[in-house]
Amino acid sequence: MTEVYSIDPLIIKTPYEITYKHSYGKTSKFFTSLSSGKLMTTRCEHCKVTFLPPRADCPNCLRETKWVEISGKGTIHTVTTLYFSGERFLKDLPFQLVYVDLEGVNTLFLTRLKTKDMKKVKVGMKIRMRISKELEWRSSDVWAEPDE
Amino acid sequence: MPKKVAAVAGGLTYFSKARKDKTQEELVAEAARMALFENDINLAKDDIDGTIVSYFSDHFEDQLLFGSIIQDYLGFNPKPSVRIEGGGATGGLAVRDAYAHVASGLLDVAMVIGFEKMSEVNTAKGNEFIALASDTDWDFPIGGFYSGYYALMARRHMEEFGTTEEQMAMVAVKNRNNAQHNKFAQTNPNMNPFAMKDGGKITVDDVLKSPYVSYPLKRLDICLMSDGAAVLILASEEKAKKITDTPVWITGTGAGTDAMRAGDRPRTVGGVPMLPHEKKEWYRKLEYPGVHSFRAGRESARQAYKMANITNPLKQLDVIELHDAYTSSEIQTYEDLGLTKYGQGGKLVEEGVTAIDGDLPVNPSGGLIGAMHAVGGTGVMQAVEMLWQLQGVSGKFHGSDKTQVKNAERGLIHSHAGTGTYVTATIMER
Ligand SMILES: [Zn+2]
């Protein structure tokens, strides 16, 4: 039965659901390595650049990259606390997002910061990356925690 | 050699959080009718040679190939049409594409049709659709939300340059209060029958006291979500001179790009692409672009200025309509456009330079914060606004003379996607 929202103008409700079978392709290793507690990403030996998120192909020279392990230690480059979000994350509010500058990585990595004391968080603060014990095979399987 | 191209007519709808009274194609017809019948032109609908259709998301209305519905609804079949999509910069890219169509001689008279109807899903779902225009493998699953991404960039701008929440609030006040003299604006309940009820003028204090959405951005620092449409007509020199006595020429256009994930952008010391009036030593120590500046915006401006022979934008431009998705991004964009040095954007608004009565008014329409952000319509709205400014007829269309920048001869429109992934800058002159 079509659900009617209004008569004038006539407005009807049309639900929509979909499931994608999404491949992580050659970056799958990032996620599968998490189950052995390792934080792996890719590096272009030609350009001497390490990328996180990983890329199978170097955007600078288009050569194939190699997998390397990283320590997951770093600092906060910038931080925000969210009080509103897209529909899927409303249940998590409030939460913090950070760009972290990680040892041995040339890019900044966007992740959640999990801490009991959100007020103490500041730019430049030391953090370390944590890996979830219950993997969901999403980028939310890793996050940062204060390390000082 | 490309042909000279002029804007000759424009039309807008009333913008609203929800235009339940009309379908998307009916909204487009409202704007097209204004473009054809309310501008002082000698042009019949049949003189349009083709259309460039500008909308962002198929998700909002659960309808793919909407361009075809529009082409049919306006009665332009079997003439050529193309759909342009580039996130928030969709409209700017569409105007640029229409310019290319006319400059190349493919079309003599082109209609750019920009629109979005965002109200048929709830606000949180709408925000989610917008966030799907971020990397869905990496950035979206951690809580992806554009206000969060922009807040991270704004926080870094504060850290790097000392920009303040008060300065951001001043942008909101300027744009929102400009919109109170523009009858199309969503925040203008006195002139727009479809406006939000809690619109009207605001103060810096109102902005600072509005609730945080994502620190440092508060509710009043953030742009609108709108239903509505904008239509612009471009013509070749030969046609334009027959259509109108007041053509407005497109004398420069540029487009830039950057990484979808802002964290992947370089942080090159002293890496700022220079504009003609700038000195390398200003930025010797600055890591660029990082997440505090929009390299795509700088690149689009650099190209547009070169094409239009602009060597000092602050002096040579009379008015700007730019993509103020957030108050912070208006400040960042001042710097990318070279209106002031990197790091000084906050001071520019503080000193009143970009106020309606300042040296270089920015967003006299009210922009995305005061007037509208119906994504695919936004960049087209800016071009329509600039056309009317340079023709000196803003008062007639807005229903108030207060938005008209006196004696404006040359202006810039700026359209921006993602966290600065696609940006266009276009120069218009009378
Ligand atoms: Zn390489």
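Before any of the text, the structure's been laid out above.
Quick look at the structure, then. (Residues numbered from 1 in each chain as written. Chains lettered and ligands numbered in written order. Predicted model: local features only at pLDDT ≥ 70, side-chain atom pairs only at ≥ 80, totals over all residues. Heavy atoms only, no water.)

**Notes on the coordination of the zinc ion**
Residue and element names in this part refer to chain A.
Moving on, step 1. With distances of 2.3 Å, the protein atoms coordinating the zinc ion are Cys 44 (SG), Cys 47 (SG), Cys 58 (SG) and Cys 61 (SG).
Moving on, step 2. For the zinc ion, the 4 donor atoms in the first shell make angles of 104 to 112° at the metal, a pattern classed as tetrahedral.
Moving on, step 3. Considered as a linear motif, the donors of the zinc ion on their single chain read C-x2-C-x10-C-x2-C.
Moving on, step 4. Given a relative accessible area of 0%, Cys 58 falls into the buried group.
Moving on, step 5. A relative accessible area of 22% means that Cys 61 is categorised as partly exposed. (Donors = N, O, S within 2.8 Å, 3.2 Å for Na, K, Ca; no water. Tetrahedral: all angles 85-135°; square planar, octahedral: opposite > 155°, others 65-115°. Buried < 20%, exposed > 50% of the residue type's maximum accessible area, 1.4 Å probe, protein only.)

**Notes on the interface of chain B and chain A**
Moving on, step 1. Taken together, the contacts link 34 residues of chain B with 42 residues of chain A.
Moving on, step 2. Both sides together, the interface formed by chain B and chain A hides about 3,600 Å², and carbon and sulfur atoms give 60% of it.
Moving on, step 3. In this structure, the connection of chain B to chain A is made through 4 salt bridges.
Moving on, step 4. The shortest N-O distance in the salt bridge between Arg 55 of chain A and Asp 264 of chain B comes to 2.9 Å.
Moving on, step 5. There are 21 residue pairs in polar contact (both at pLDDT 80 or more) connecting chain B and chain A.
Moving on, step 6. Considering each element in turn, the side of chain B that touches chain A owes the most residues, 7 residues, to helix α5 (residues 146-161) of chain B.
Moving on, step 7. A class-by-class count of the residues in the side of chain B that touches chain A yields 14 nonpolar, 7 polar and 13 charged. (Contact = heavy atoms within 4.5 Å. Buried area = accessible area lost by both parts, 1.4 Å probe. Salt bridge = Lys/Arg side-chain N within 4 Å of Asp/Glu carboxyl O. Polar contact = N/O pair within 3.5 Å; in protein donor to acceptor, adjacent residues only side chain to side chain. Helix = DSSP H or I, 4+ residues; strand = E, 2+ residues; numbered from the N terminus. Nonpolar A, V, L, I, M, F, W, Y, C, P; charged D, E, K, R; others polar.)

**Details of the packing of helix α3 (residues 90-103) of chain B against helix α14 (residues 375-391) of chain B**
Residues and elements named next belong to chain B.
Moving on, step 1. At their nearest, the axes of α3 and α14 sit 5 Å apart, and the two run at 55° to each other. Taken as axis vectors, α3 and α14 run oblique relative to one another. Contacts between α3 and α14 involve Thr 90, Gly 91, Gly 92 and Val 95 from the first element and Gly 376, Gly 379, Val 380 and Ala 383 from the second.
Moving on, step 2. Considered class by class, the residues forming the contact of α3 with α14 number 3 nonpolar, 5 polar and no charged. (Axes fitted to C-alpha atoms, helices over the stretch in contact; angles between N-to-C directions. Parallel < 35°, antiparallel > 145°, perpendicular 65-115°, else oblique.)

**What about the sheet that holds strand β2 (residues 50-54) of chain B?**
All names here are of chain B.
Moving on, step 1. Read across the open sheet, the 9 strands follow the order β3-β2-β4-β7-β1-β8-β13-β12-β11; overall the sheet is mixed. Each end of this open sheet is capped by a strand with a single partner; those strands are β3 (81-84) and β11 (319-321). If you compare each strand with its neighbour and ignore which way they point, the axes differ by 25° on average.
Moving on, step 2. Taken strand by strand, helix α2 (residues 66-73) contacts β2, β3 and β4 (109-117), and its axis lies near 120° from that of β4.
Moving on, step 3. Its contacts with the sheet put helix α9 (residues 295-307) on β8 (248-257), β12 (410-416) and β13 (422-429), and the angle it makes with β8 is roughly 145°. (Pairing = 2+ DSSP bridges.)

**With respect to the pattern of salt bridges**
Moving on, step 1. Evaluated as defined, the whole model comprises 34 salt bridges over all chains.
Moving on, step 2. The closest approach of N and O atoms between Asp 21 of chain B and Arg 19 of chain B, which form a salt bridge, is 2.9 Å.
Moving on, step 3. Arg 19 of chain B gets classed as buried once you look at its relative accessible area, which sits at 1%.
Moving on, step 4. Beyond isolated ion pairs, a larger network of salt bridges with shared partners links Arg 55 of chain A together with Asp 135, Arg 261 and Asp 264 of chain B.

**Details of a nonpolar patch on the surface**
Moving on, step 1. A cluster of nonpolar side chains, Val 4, Ile 7, Leu 10 and Ile 12 of chain A, forms an exposed patch at the surface whose accessible area comes to about 420 Å².
Moving on, step 2. Tracing the backbone through its elements, the reader meets Ile 12 of chain A in strand β2 (residues 11-13). (Patch = residues over 30% accessible without salt bridge, like charges linked within 9 Å, V, L, I, M, F, W, Y side chains within 5 Å. Areas by Shrake-Rupley, 256 points an atom, 1.4 Å probe, with all protein chains shown as cover.)

**Let's talk about the nonpolar core**
Residues and elements named next belong to chain B.
Moving on, step 1. Tyr 305, Leu 317, Ile 320, Tyr 334, Leu 337 and Ile 427 are the most contacted members of the largest nonpolar core, which totals 60 residues.
Moving on, step 2. In terms of residue count, α5 provides more of this core than any other element does, 8 residues in total.
Moving on, step 3. Residues in contact with Leu 337, not counting those within four places in the same chain, are Leu 275, Ala 301, Tyr 305, Pro 313, Ile 320, Leu 322, Leu 412 and His 414. (Core = buried A, V, L, I, M, F, W, Y, C linked by side-chain atoms within 4.5 Å.)

Remember that the coordinates give geometry; whether it matters functionally is a separate question.
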